[in-house]
Amino acid sequence: MSIYISANDAVKVVKSGDRVYLQAAAAAPTVLANALTERASELRNVEICHLHIEGEARYANPELAESFHVNSFFIGANVRHTLKAGNGSYTPVFLSELPHLFRKNVLPLDVAFIHVSPPDRHGYCSLGVSIEATVAAIENAKLVVAQVNPNMPRTFGDGILHVSEIDYLVEVDVPIYGHEPEPFTVEEEKIGGYIASLIDDRSTLQMGIGSIPNAALSKLTNHKDIGLHTEMFSDGVIDLIEKDVINCNYKGTLRGRVLATFLIGSKRLYDFVNDNPFIEMKESSMVNDTARIRKNPKMVAINSAIEVDVTGQVCADSIGPKMYSGVGGQMDFIRGASLSPGGKAIIALPSITKRGESRIVPFLKQGAGVVTTRAHIHHVITENGIADLYGKTLKQRVSEMVRIAHPNHQESIERAYFEMINKM
């Protein structure tokens, strides 16, 4: 029998030495996390684990290192400092496999903090905008504590759970974390156009958040019968769904429905998905399963990177040895798209950083992680064009990649690569 109590009382279930999982992204249960942080003086060695979460993360304050240690499965800006400060760690894992860490008891969970819609007249709540590994966490945690929020959209799929599966309920009334769409830069507009040129009618798309995916989506208004099978999506899909451009009629997995595992966007997005059966929210072990992704004909995976070398090696999780984000689901979808009939695996990024440094490089920085190998990538896109790497030799790849680098860097990139190769 679930019990409604205050946040301060609910977090008393956490003991020293416990491992606590927080629901991810826009569904971050911040009220509970902040209440737990208030108990710092009473606790020691509590591990708080999660994917990227929105909002504040008071428990990540290095001054509380004796009380809390952050274990990130995908590193967000609000906890990135913990790795250098020593009160945080990073666990590399494909998003498709994260639920298995809990189900196989590789990472036993003591408590799960979740964020749900109010129960309906039958007693069922919804995990709303973020499913990812939360279902597995609920199934395997000894105790489940939920903040219950009337602002959480009710979504269909794996996130429906009965109040009897929750030990303690905490009523809150706070906005769901969101991002408003931002205007495209000239470079992003060009990249979006190049991406759209590779998308055929009846393709199925995967993309992330940000201006580049939204720029690409804005170019698809004349396309037909597009599907959506994606780790996450944002506001850019709404107009296309309403215009019947995205109708999912030719998908191979869950035909006739949009498939995702989490969402981040504006209030317009959250209102759109609320009680909308066209949107199916499933666990990441299903959404990011390469075997299911590849069943979609013409699957197009659109991902980004921190830097890409001239042979096609993709660093997407670190700046040199400094961890920046995580492996996430990039490889799940890149591989799935590569194996799909007519599929395309795309990495899209601006050619230079805000400081003017090239993101197309002769060699990855020392210590950089290779998230996606040179054998997996089909296309790399910058504002300067499309590099087609599939089936190309290393020498041919260098020519393709140099061509899409920023003109100010093209000559030096090519020279640096061949000088190093000739020294071997």
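How each quantity is defined
- Residues numbered from 1 in each chain as written.
- Predicted model: local features only at pLDDT ≥ 70, side-chain atom pairs only at ≥ 80, totals over all residues.
- Heavy atoms only, no water.
- Salt bridge = Lys/Arg side-chain N within 4 Å of Asp/Glu carboxyl O.
- Helix = DSSP H or I, 4+ residues; strand = E, 2+ residues; numbered from the N terminus.
- Buried < 20%, exposed > 50% of the residue type's maximum accessible area, 1.4 Å probe, protein only.
- Phe/Tyr/Trp six-rings, centres within 6.5 Å; stacked < 30°, edge-to-face > 60°.
- Lys NZ or Arg CZ within 6 Å of the ring centre and 35° of its normal.
- Patch = residues over 30% accessible without salt bridge, like charges linked within 9 Å, V, L, I, M, F, W, Y side chains within 5 Å.
- Areas by Shrake-Rupley, 256 points an atom, 1.4 Å probe, with all protein chains shown as cover.
- Core = buried A, V, L, I, M, F, W, Y, C linked by side-chain atoms within 4.5 Å.
- Contact = heavy atoms within 4.5 Å.
- Axes fitted to C-alpha atoms, helices over the stretch in contact; angles between N-to-C directions.
- Parallel < 35°, antiparallel > 145°, perpendicular 65-115°, else oblique.
- Left-handed = near helix turned anticlockwise from the far one by under 90°.
- Nonpolar A, V, L, I, M, F, W, Y, C, P; charged D, E, K, R; others polar.

Evaluated as defined, the whole model comprises 22 salt bridges. For E283, the salt bridge goes to R103, with nearest N and O atoms at 2.8 Å. Of the two residues, E283 is situated in the loop between β17 (279-281) and α10 (284-287) and R103 in helix α4 (residues 98-103); the sequence distance between them amounts to 180 residues. Given a relative accessible area of 35%, R103 falls into the partly exposed group. Residue D158 pairs with K282 through a salt bridge whose shortest N-O separation is 3.6 Å.

Our focus in this paragraph is the packing of aromatic side chains. Taken as a whole, this structure holds 4 aromatic pairs when the rule is applied. Arranged with centres 6.2 Å apart and planes meeting at 70°, the rings of F73 and F102 form a pair that is edge-to-face. Within this pair, whereas F73 is found in the loop between β4 (68-72) and α3 (81-85), its partner F102 is found in helix α4, the two being separated by 29 residues in sequence. Across the pair, exposure class does not vary: F73 and F102 are buried alike. Aromatic side chains Y417 and F418 sit 5.2 Å apart centroid to centroid with 80° between the ring planes, which places their arrangement in the edge-to-face category. Residue Y417 is classed as buried on the basis of its relative accessible area, which comes to 6%. Aromatic ring contacts, followed pair by pair, group Y21, F73 and F102 into a single cluster. Just above the ring of Y324 sits the side chain of R80; from NZ or CZ to the centre is 3.8 Å. The ring of Y250 has R202 lying over it, and the distance from NZ or CZ to the ring centre is 3.9 Å.

Glancing now at a nonpolar patch on the surface. On the surface, a nonpolar cluster with roughly 240 Å² of combined accessible area is contributed by F363, M420 and I421. Along the chain, the position of M420 falls in helix α14 (residues 410-423). Residue classification places M420 among the partly exposed positions, given a relative accessible area of 39%.

On to the nonpolar core. Core analysis: the biggest nonpolar cluster contains 76 residues, and Y21, L98, F102, I114 and F233 have the highest contact counts within it. Apart from residues no more than four positions distant in its own chain, F233 is found in contact with L228, V258, A260, F262, L263, I264, L269, V273 and I279. If you look at the next biggest cluster of nonpolar residues, it comprises 62 residues, including V13, L32, L43 and I377.

Another aspect to go through is the packing of helix α13 (residues 394-404) against α14. Between α13 and α14, the shortest axis-to-axis distance is 9 Å and the interhelical angle comes to 160°. Comparing their axes, α14 and α13 come out roughly antiparallel. With respect to the hand of their crossing, α13 and α14 are arranged in right-handed fashion. Judged by residue contacts, L394, K395, V398, V402 and R403 of α13 engage Q410, I413, E414, Y417 and F418 from α14. When the residues that make up the contact of α13 with α14 are grouped by side-chain class, the tally is 6 nonpolar, 1 polar and 3 charged.

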